[in-house]
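Each chain, written out:
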Amino acid sequence: MKVFINPGHAPNGNPDPGAVNDFYRVRECDIALSIGEMVKNYLIKAGCGVKLLQSNNLAGESAGENIVKSANDWGADVFVSIHCNAYDKSVRGAETLVYDKVGGSYTLGKYIHAQLIDTMQDIDGTFPNRGIKSRPALCVLRRTQMPAVLVETAFIDNDIDVLLLMNHQEEFAAAIARGVTDYWIDING
Ligand SMILES: [Zn+2]
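Let me begin by describing the structure that accompanies this report. Model, not experiment: these values are computed from the prediction.

The rules behind these values
- Residues numbered from 1 in each chain as written.
- Predicted model: local features only at pLDDT ≥ 70, side-chain atom pairs only at ≥ 80, totals over all residues.
- Heavy atoms only, no water.
- Donors = N, O, S within 2.8 Å, 3.2 Å for Na, K, Ca; no water.
- Helix = DSSP H or I, 4+ residues; strand = E, 2+ residues; numbered from the N terminus.
- Buried < 20%, exposed > 50% of the residue type's maximum accessible area, 1.4 Å probe, protein only.
- Pairing = 2+ DSSP bridges.
- Axes fitted to C-alpha atoms, helices over the stretch in contact; angles between N-to-C directions.
- Contact = heavy atoms within 4.5 Å.
- Phe/Tyr/Trp six-rings, centres within 6.5 Å; stacked < 30°, edge-to-face > 60°.
- Right-handed = clockwise from strand over helix to strand, strands pointing away.

Listed as protein donors to the zinc ion are His 9 (NE2), Glu 28 (OE) and His 83 (ND1); their distances from the metal cover 2.0 to 2.1 Å. Counting gaps between the donor residues of the zinc ion yields the pattern H-x18-E-x54-H. Note that His 9 is positioned in the loop between strand E1 (2–7) and strand E2 (20–21) and His 83 in strand E5 (residues 78–85), a separation of 74 residues in sequence. Each of the two residues, His 9 as well as His 83, counts as buried.

Printed below as a string of structure tokens:
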């Protein structure tokens, strides 16, 4: 299985770091990359081919490597984008975004989301399950030609979630990797 991993936003935060927690001085681009590298290592150990690419050129709209084109040209079987959420500092939890709540992307999303919620609720029983949501406007979900999900791991602007993102990246990564392999086992019977 060929897995394309896309940590959100721009490498080194230039020009786009994503969401930032000013108090802890952590940035979404760095956390997403760190978790993405760990997912990559887990999946390589599981026998997958893995390509990891972080770029703010999602589909040809700016300079740098084009995420959608790269995943499609490589012939990825599965596409996983990794992000951190942010809202008004009060909201917590994980959500998984798919183009539509039917088909292969939804199945992939279900497996990844279930592992993520199980794992994080083991660490923190109050970690909210925000569910699987359809986001047809997101170009990395709309224009990729393989089952694709965008994982919003937790809220980087929330005081509790940010500590999970800082201290439990291995667990986030292991959960995402297990979700991918659960999906692959399922569709291959
Ligand atoms: Zn993001």
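Text resumes after the structure shown.
The next thing to look at is the sheet that holds strand E7 (residues 129–134). Pairing in this open sheet of six strands is mixed, and the strands run E4-E1-E5-E8-E6-E7 from one edge to the other. Since the sheet does not close on itself, it has two edges, and those belong to strand E4 (49–52) and E7, each with one partner. Going across the sheet, the axis of each strand differs from the next one's by a mean of 20°, ignoring polarity. Relative to E5, E1 runs parallel, the two being bridged by five bridges. Along E5, the bridge assignment pairs Val 3 with Val 78. Helix H1 (residues 28–45) contacts E1, E4, E5 and strand E8 (148–155) of the sheet and is inclined by roughly 165° relative to E1. Packed onto the sheet, helix H2 (residues 67–74) meets E1, E4 and E5 and runs at close to 170° relative to E1.

So, on to the packing of aromatic side chains. Within the structure shown, the criterion is met by three aromatic pairs. Judged by centre distance (5.5 Å) and plane angle (10°), the rings of Phe 4 and Phe 79 are stacked. Here Phe 4, found in strand E1, pairs with Phe 79, found in strand E5; they are 75 residues apart in sequence, far enough to count as distant. Across the pair, Phe 79 and Phe 4 agree in class, each one buried. Where Phe 23 meets Tyr 24, the ring centres are 4.9 Å apart and the plane angle is 85°; that geometry is what we call edge-to-face. According to the relative accessible area criterion, Phe 23 is exposed, its value standing at 70%. Here Tyr 24 falls in the partly exposed class, since its relative accessible area comes to 29%. Taken together, the ring pairs connect Phe 4, Trp 74 and Phe 79 into an aromatic cluster.

With five of its five residues buried, strand E6 (residues 94–98) lies for the most part within the structure. On E6, burial covers both faces: Ala 94, Thr 96 and Val 98 on one face and Glu 95 and Leu 97 on the other are all buried. Taken together, the four bridges between E6 and E7 define a ladder with parallel strand orientation. Each residue of the ladder has a partner; that of Leu 97, found in E7, is Lys 133. This β-α-β element, E6 to helix H3 (residues 103–123) to E7, shows right-handed connectivity. When E6 meets E8, the two strands line up antiparallel, connected through three bridges. Following the sheet pairing, Leu 97 is matched in E8 by Leu 150.

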